[in-house]
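# Summary of the model geometry
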Amino acid sequence: GRPFENAVLCTALPVYYKEHAQVCSQIILDAFGKCNDIRRFGACAPELCYLAMGRCELYFEYLLSPWDFAAASLIVTEAGGIISSAQGSTLCLTAPGGVVAANSKESHNRMLEIIRKHTS
């Protein structure tokens, strides 16, 4: 897969939690300056599947419900991708939270660094 500098990031603003739009926008803008481009297809599950297929290399959303990401998180890991909460911990499949996924540990770590910079 492509490295972070050439990566395509699938992302979205928090549609149902607009109070988080400012910090989410800062994270997305920061990542956009360091990767190749951004895509928004409108739903987490297919975007995570695109990452698993190699159609994109990065995924980030600030706040999602478990039904948005639970099934697709397995597909990402089975394809060799890395997926975690926005804090870098194991995804919680029973509560809302942020999601970060990448095609490599290095890209995943870079995305987590960007998120930490704006949420610390």
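A brief look at the structure comes next. Every value quoted in this text rests on a predicted model; they were computed, and no experiment measured them.

Reading the values: rules and limits
- Residues numbered from 1 in each chain as written.
- Predicted model: local features only at pLDDT ≥ 70, side-chain atom pairs only at ≥ 80, totals over all residues.
- Heavy atoms only, no water.
- Core = buried A, V, L, I, M, F, W, Y, C linked by side-chain atoms within 4.5 Å.
- Buried < 20%, exposed > 50% of the residue type's maximum accessible area, 1.4 Å probe, protein only.
- Helix = DSSP H or I, 4+ residues; strand = E, 2+ residues; numbered from the N terminus.
- Contact = heavy atoms within 4.5 Å.
- Salt bridge = Lys/Arg side-chain N within 4 Å of Asp/Glu carboxyl O.
- Pairing = 2+ DSSP bridges.
- Axes fitted to C-alpha atoms, helices over the stretch in contact; angles between N-to-C directions.

### Notes on the nonpolar core
If you look at the biggest cluster of nonpolar residues, it comprises 18 residues, and the most contacted ones within it are Leu9, Ile27, Leu58, Phe60, Val100, Met111 and Ile115. Every element with two or more residues in this core is listed here: helix H1 (21-34), strand E3 (58-64), strand E5 (97-102) and helix H4 (105-119). A per-element tally of this core places H1 first, with 5 residues. For valine 100, the residues in contact, after removing those within four places along its chain, are Tyr59, Phe60, Ile82, Ile83, Ser84, Ser85, Ala86, His108, Met111, Leu112 and Ile115. With 15 residues, the next largest nonpolar core counts Cys10, Cys44, Cys56 and Leu91 among its residues.

### Looking at the pattern of salt bridges
Tallied over the entire structure, the rule returns 5 salt bridges. A salt bridge links glutamate 57 to arginine 2; its shortest N-O distance comes to 3.1 Å. Of this pair, glutamate 57 sits in the loop between helix H2 (44-53) and E3 while arginine 2 sits in the segment before strand E1 (8-11), and the two are 55 residues apart along the sequence. Classification of glutamate 57 as buried rests on a relative accessible area of 3%. Using a relative accessible area of 34% as the deciding quantity, one classes arginine 2 as partly exposed. The salt bridge partner of arginine 39 is aspartate 37, with a shortest N-O separation of 2.8 Å. Sharing partners across several salt bridges, the network here consists of Asp30, Lys34 and Lys117.

### Re the sheet that holds E5
Hydrogen bonds between backbone groups are what pair the strands of a sheet, and the pairing can be parallel or antiparallel. Taken together, the 5 strands give an open sheet; going across it, the order is E2-E1-E3-E5-E4, and neighbouring strands pair in mixed fashion. Two strands in the sheet have a free side with no partner beyond their single neighbour: strand E2 (37-39) and strand E4 (82-85). Within the sheet, the average angular offset between the axes of one strand and its neighbour, ignoring direction, is 20°. Where E4 lies against E5, 4 bridges are found, and the strand directions are antiparallel. Residue pairing for E5: isoleucine 83 is matched across the bridge by alanine 101. The sheet contacts of H1 involve E1, E2 and E3, and relative to E3 the element is tilted by about 175°.

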